[in-house]
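Residue-level listing of the chains:
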Amino acid sequence: MFHRRDLLKFLLFGTCCPTTHAEENPKWDLTVDAIVVGSGAAGLAAAATLAEGGLSVLMLEKMNSLGGNTVISGGDVAVPGSPVQLKMGIKDSPQMMAEDLIRAGKTVDKERVRFLAQNALSTWKWTQEKWGTRWNPDKLQFDEGQSVPRGLLSIPRSGFALFSSGIEYARNLKVQIRNNSLVEDIFFGPNGEAQGLLVRTRYKFPDPASGTQIKIRARRAIVLCFGGFGADEEFREMVNPSMGKLLATTNQPGATAESIRMAMRLGIKTVDLDQIQALSWISADEIGLGDAWPFIEQYSAFYGIWVNNKGKRFVNERGSQRLRSERLLEEIKNGHRIFGITTQNAIEHQPDDLQATEELKLRGIIRSFPSLEALAVNSSISYTELVKTVEKYNTCVNNAVIDEFQRNLSNTFPLNGTNWFVVEIRPKVHHCMGGIKTTLSMQVLNNKNQIIPNLYAAGEATGGIFGRSRIPCHSLIDALVGGRAAGLHILENTHSKNEND
Ligand SMILES: Cc1cc2nc3c(=O)[nH]c(=O)nc-3n(C[C@H](O)[C@H](O)[C@H](O)COP(=O)(O)OP(=O)(O)OC[C@H]3O[C@@H](n4cnc5c(N)ncnc54)[C@H](O)[C@@H]3O)c2cc1C
């Protein structure tokens, strides 16, 4: 019988049989103890752990700049039982974190989820104590899907803070770091063990013919930390045609799929590749994640409405991430534009982002108008319908009811006054929930569910933690815990091997 999985392989490689790279006794250009592929949070955690244990480590990054999605991320990290939670009297536990992830993701690998939750606090402490990452002692991020506020914020609040401290720590531990080095293939030994890599050095992304190929041997292990493929429209369309090429992405341009394709070609097991998360609260007029998302989420979703250019609402603006992005995608497929609308009383109620709002106005990302009519006319929204939509919404707000979209309108304001704000919204691809299937120690499995000796994976390159839906703040910690777990397991194996030698 021809399964969907086989069909996917056929489409991707023109074959339904896994192949392995076979070359007897390759002539190695370089030998190290361990190779880490990718320089994001997972790669840094793996490389630093291995180097702490005394191994010689080579970290390979295909892009000219290091850090992957990690360096452009918000840097928020979910940790149950953190000192900030204790200070604020918030009761949380690894069990609660695991339950949140299982509830949101549904099809997750429960054992891996529990492992992540149990190791989040100690791994986060490691970044504070060893990497020297600074964390805000007074604030927590509380996102959809978390039963309690759990997201620690780096200082400054950016993935760059985490990345720069991690790379400095790795450099101090003498990890060799090579950028412009694309890993193209894995060599396996006679017992199926990962032996080394075919690497294109002086690679200039995205030119596949740039640079030259060399062979690097890893005496102990290879850790695949190559991140997700959110920026690869073609691959996205193949694994999830419903999302297709319609959406832009928040990811860095190098978040492409050649590495996951390589893994599949080599018979490595993957899960949930079709599960791709799009964020619903992104400005249509900015590149990447942009700066308008707090306005869209906090003002236009909490104290306003989302309408299409026909002037109609179509979703609970406070609904789940998955529900909102699915409904927005439908609107886009129907050729509609989407707008978030709010008024002055929302801004006054929550003045935290006042300055940011003013800056976004100056840049033309948010526009303000003295009347609803002026807003509609200038945004090409049907005014006749928009008036009716706002009236209906205001009636529900005044009566504090749950509206037709199941949104509870008891704690917001009617939309009125002489200062109306509008921002155009367009969802963007943000996270790849699927990836390589691993054990708890991050050992890579093949399509027959067997461990591939000496081969590990961590971070967004893997699947199993988020299933159908990722909770914000939980992926960096997954990358850190996974990278560290892989490193510790390799060290354990190395020591027991040495004892037996
Ligand atoms: C804008 C944005 C904001 C985010 N904010 C948060 C947040 O606040 N909190 C949170 O928890 N998560 C956040 N995320 C998600 C999180 O950043 C990622 O899931 C996480 O950084 C993944 O880390 P990683 O190490 O697995 O991959 P990455 O950091 O993406 O690193 C992978 C690296 O591998 C390299 N690579 C790929 N293939 C090869 C190859 N064949 N050879 C050599 N190198 C290769 C890539 O170029 C890349 O540099 C955010 C994501 C984005 C895009």
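Since the structure is predicted, the reported quantities are computational estimates derived from the model, not experimental observations. (Residues numbered from 1 in each chain as written. Predicted model: local features only at pLDDT ≥ 70, side-chain atom pairs only at ≥ 80, totals over all residues. Heavy atoms only, no water.)

**Q** Help me understand the packing of helix α2 (residues 41-52) against helix α7 (residues 159-172), please; the structure alone is not making it clear to me.
**A** The description of two packed helices rests on the angle between their axes and on the distance between the axes. Viewed as axis vectors pointing N to C, α2 and α7 meet at an angle of 25 degrees, and their least axial separation amounts to 9 Å. The orientation of α2 relative to α7 falls into the category roughly parallel. Remark: the crossing between α2 and α7 carries left-handed chirality. Of the residues in α7, those touching α2 at Leu-44, Ala-48 and Glu-52 are Phe-163, Gly-166, Ile-167, Tyr-169 and Ala-170. Across the contact of α2 with α7, the residue classes break down as six nonpolar, one polar and one charged. (Axes fitted to C-alpha atoms, helices over the stretch in contact; angles between N-to-C directions. Helix = DSSP H or I, 4+ residues; strand = E, 2+ residues; numbered from the N terminus. Parallel < 35°, antiparallel > 145°, perpendicular 65-115°, else oblique. Left-handed = near helix turned anticlockwise from the far one by under 90°. Contact = heavy atoms within 4.5 Å. Nonpolar A, V, L, I, M, F, W, Y, C, P; charged D, E, K, R; others polar.)

**Q** Even after reading the chapter, I still don't get the sheet that holds strand β13 (residues 338-343), so can you show me in this structure?
**A** Strands in a sheet are paired, the pairing made by backbone hydrogen bonds, and the direction either parallel or antiparallel. On the basis of which strands lie adjacent, the open sheet formed by four strands has the order β12-β13-β15-β14 and antiparallel pairing. Each edge of the open sheet carries a strand with a single partner, namely β12 (304-308) and β14 (366-369). Each strand of the sheet is rotated relative to its neighbour by a mean of 25 degrees, with strand direction disregarded. Packing of helix α15 (residues 383-398) onto the sheet brings it into contact with β12, β13 and β15 (420-425), and relative to β12 it is tilted by some 150 degrees. (Pairing = 2+ DSSP bridges.)

**Q** I tried to follow the packing of helix α6 (residues 110-131) against α7 on my own but got confused; where do I start?
**A** For the pair α6 and α7, interaxial distance at closest approach is 10 Å and the crossing angle is 60 degrees. Taken together, α6 and α7 sit at an angle that is classed as oblique. Relative to α7, α6 is oriented so that their crossing is left-handed. Side by side, α6 and α7 meet where Trp-126, Thr-127, Lys-130 and Trp-131 of the first sit next to Leu-162, Ser-165, Gly-166 and Tyr-169 of the second. Classifying every residue of the contact of α6 with α7 gives four nonpolar, three polar and one charged.

**Q** Sorry, what's going on with empty space enclosed by the protein here?
**A** Across all of its chains, the model carries one cavity of 30 Å³ or more by this definition. Here the largest cavity defines a volume of roughly 40 Å³. Around the largest cavity, the lining residues are Arg-112, Phe-115, Leu-116, Met-442, Ile-465, Asp-478, Val-481 and Gly-482. Looking at the lining of the largest cavity residue by residue, the class counts come to five nonpolar, one polar and two charged. (1 Å grid on protein atoms, 1.4 Å probe; cavity = no way out; pocket = protein on both sides within 12 Å on 5 of 7 lines; lining within 4 Å. Points joined across faces, edges and corners; volume = space filled by probe spheres on them.)

**Q** Would you mind going over the site of the ligand with me for this structure?
**A** Around the ligand, the structure places 40 residues, and the nearest of them are Glu-61, Thr-70, Asp-76, Ser-259 and Glu-460. Between the ligand and Val-183 there is a distance of 3.0 Å, counted from a nitrogen atom to a backbone nitrogen or oxygen. Separating a nitrogen atom of the ligand from a side-chain N or O atom of Ser-475 is a distance of 3.1 Å. Of all the secondary-structure elements, those providing two or more residues to the shell around the ligand are α2, α3 (68-72), β7 (182-188), β16 (428-432) and α16 (475-500). Among the elements that make up the shell around the ligand, the one with the highest residue count is α3 (four residues). (Near = heavy atom within 4 Å. Polar contact = N/O pair within 3.5 Å; in protein donor to acceptor, adjacent residues only side chain to side chain.)

**Q** What is the right way to read the pattern of salt bridges from this model?
**A** In a structure, side chains of opposite charge can pair up when their charged atoms sit close to one another. This structure, assessed with the given rule, holds 30 salt bridges. The salt bridge partner of Arg-150 is Asp-100, with a shortest N-O separation of 2.9 Å. On the criterion of sequence distance, the pair formed by Arg-150 in the loop between β4 (135-141) and β5 (151-154) and Asp-100 in helix α5 (residues 94-105) is long-range, its members being 50 residues apart. For Asp-100, a relative accessible area of 2% translates into the label buried. Each of Asp-92, Asp-100, Arg-103 and Arg-150 takes part in salt bridges that share partners, so that together they form one network. (Salt bridge = Lys/Arg side-chain N within 4 Å of Asp/Glu carboxyl O. Buried < 20%, exposed > 50% of the residue type's maximum accessible area, 1.4 Å probe, protein only.)

**Q** Looking at this model, I keep getting lost on α15. Mind explaining?
**A** Each full turn of the α-helix corresponds to 3.6 residues, which orients residues three or four apart in the same direction. Here α15 contains 16 residues, and its C-alpha end-to-end distance of 22 Å stays within 8% of the 22 Å for a straight helix at 1.5 Å per residue. Within α15 the residues assigned to the buried category are Leu-386, Thr-389, Val-390, Tyr-393, Asn-394, Cys-396 and Val-397. Down the axis of α15, the sector holding all buried residues measures 160 degrees, keeping them to one side. Seen from the open side of α15, the exposed residues pointing more than 90 degrees away from its buried face are Thr-384, Glu-391 and Asn-398. Residues of α15 that are buried in the fold lie against β12, β13, α14 (372-379) and β15. Where α15 begins, the capping side chain belongs to Ser-382, and its oxygen is found 3.4 Å from the backbone nitrogen of Glu-385. Ala-400 sits one or two positions beyond α15 and adopts a positive phi of about 50 degrees. (Expected span 1.5 Å × (residues − 1). Arc of directions from axis to C-beta.)

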